[in-house]
Amino acid sequence: VRQAGGALRHASVALRADEAVVREAVRQDGLALEFAHEQLQASPQLAYEAAAQNISAMKFAPSALRADRSFVLRCLRHSTFALNFAADALRGDREFIVEAIKQDGIGGRDGLILQYSTQALQSDPDMLLL
C-alpha cells in the first residue's frame with residue numbers, strides 16, 4: 001500500500017482493520033479510506049489524513065464525521081470542495097458557513113464556500129455581504 005494505496009481493496013479483513021496499514025494506504029491514496037474497516041473510517045485523524053490527500057475521500061467518512069463542525073472546518077483548509085461532502089445540516093447552518101468563510105486559508109473570499117452551501121443561504125443577500 002505504500003506504492004498504491006488502492007491495493008487496500010485486495011487486503012484481508014485483518015489488514016483493513018490494521019491502523020498502520022490503513023494510514024499508509026490513505027497517505028498514498030486518500031480514496032483507500034473506502035476499503036478501511038468501518039472503525040478506522042470513523043477515526044477523525046485517519047479520515048482527515050485521507051481527505052488531506054484527496055478531498056473526495058470525505059465521502060467514505062461516516063455521516064457523524066461529516067456532520068462534525070471541527071472535522072469539516074479542518075478539511076476545508078485543504079479544499080472548499082469539502083463542504084460538498086459535509087452533512088446537509090452544516091451546509092445550511094448560517095453560523096457554520098460564516099465561520100467557514102472567515103477561516104483563514106480556505107478561499108471563502110472567492111465565493112466557493114457559498115457555492116456549496118444550501119440554496120437558502122446562497123439566496124440570502126446578507127451572506128453575499130460577508
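Everything here concerns the structure above.
Conventions and cut-offs
Residues numbered from 1 in each chain as written. Predicted model: local features only at pLDDT ≥ 70, side-chain atom pairs only at ≥ 80, totals over all residues. Heavy atoms only, no water. Phe/Tyr/Trp six-rings, centres within 6.5 Å; stacked < 30°, edge-to-face > 60°. Buried < 20%, exposed > 50% of the residue type's maximum accessible area, 1.4 Å probe, protein only. Salt bridge = Lys/Arg side-chain N within 4 Å of Asp/Glu carboxyl O. Helix = DSSP H or I, 4+ residues; strand = E, 2+ residues; numbered from the N terminus. Axes fitted to C-alpha atoms, helices over the stretch in contact; angles between N-to-C directions. Parallel < 35°, antiparallel > 145°, perpendicular 65-115°, else oblique. Left-handed = near helix turned anticlockwise from the far one by under 90°. Contact = heavy atoms within 4.5 Å. Nonpolar A, V, L, I, M, F, W, Y, C, P; charged D, E, K, R; others polar.

Colleague: Help me understand the packing of aromatic side chains in this model?
Modeller: What characterises a pair of aromatic rings is the spacing of the ring centres plus the angle enclosed by the ring planes. Evaluation of the coordinates by the stated rule reveals two aromatic pairs. Both rings, one in Phe 81 and one in Phe 85, keep their centres 5.1 Å apart while their planes meet at 85 degrees; by these two values the pair is edge-to-face. The class for Phe 85 is buried, based on a relative accessible area of 13%. Connected via pairs of aromatic rings, a cluster forms that spans Phe 81, Phe 85 and Tyr 116.

Colleague: I tried to follow the pattern of salt bridges on my own but got confused; where do I start?
Modeller: Two side chains carrying opposite charge are able to pair once their charged atoms lie near each other. Within the structure shown, the criterion is met by seven salt bridges. Put simply, Arg 23 and Glu 49 hold a salt bridge, and the shortest N to O gap is 3.1 Å. With a gap of 26 residues between them, Arg 23 in helix H2 (residues 19-28) and Glu 49 in helix H4 (residues 44-53) connect regions that are remote in the sequence. Here Glu 49 falls in the buried class, since its relative accessible area comes to 12%. Sharing partners across several salt bridges, the network here consists of Glu 19, Arg 23, Arg 27 and Glu 49.

Colleague: What's the story with the packing of H4 against helix H6 (residues 69-76) in this structure? I'm lost.
Modeller: Packed helix pairs are specified by the crossing angle of their axes together with the interaxial distance, meaning the distance between the axes. Remark: H4 packs on H6, axes separated minimally by 10 Å, with the N-to-C direction vectors making an angle of 25 degrees. In this view, H4 runs roughly parallel relative to H6, as classed from their interaxial angle. For H4 against H6, the interelement crossing comes out right-handed. Together, Pro 44, Gln 45, Ala 47, Tyr 48 and Ala 51 of H4 and Phe 71, Arg 74 and Cys 75 of H6 make up the contact between the two elements. When the residues that make up the contact of H4 with H6 are grouped by side-chain class, the tally is six nonpolar, one polar and one charged.

Colleague: Is there a simple way to explain the environment of Ala 86 in this structure?
Modeller: Note that Ala 86 resides in the loop between helix H7 (82-85) and helix H8 (88-91). Sequence separation between Ala 86 and Glu 24 is 62 residues, and the spatial gap between their C-alpha atoms is 25 Å. With near-sequence residues (within four places) excluded, Ala 86 lies in contact with Arg 66, Val 72 and Arg 91.

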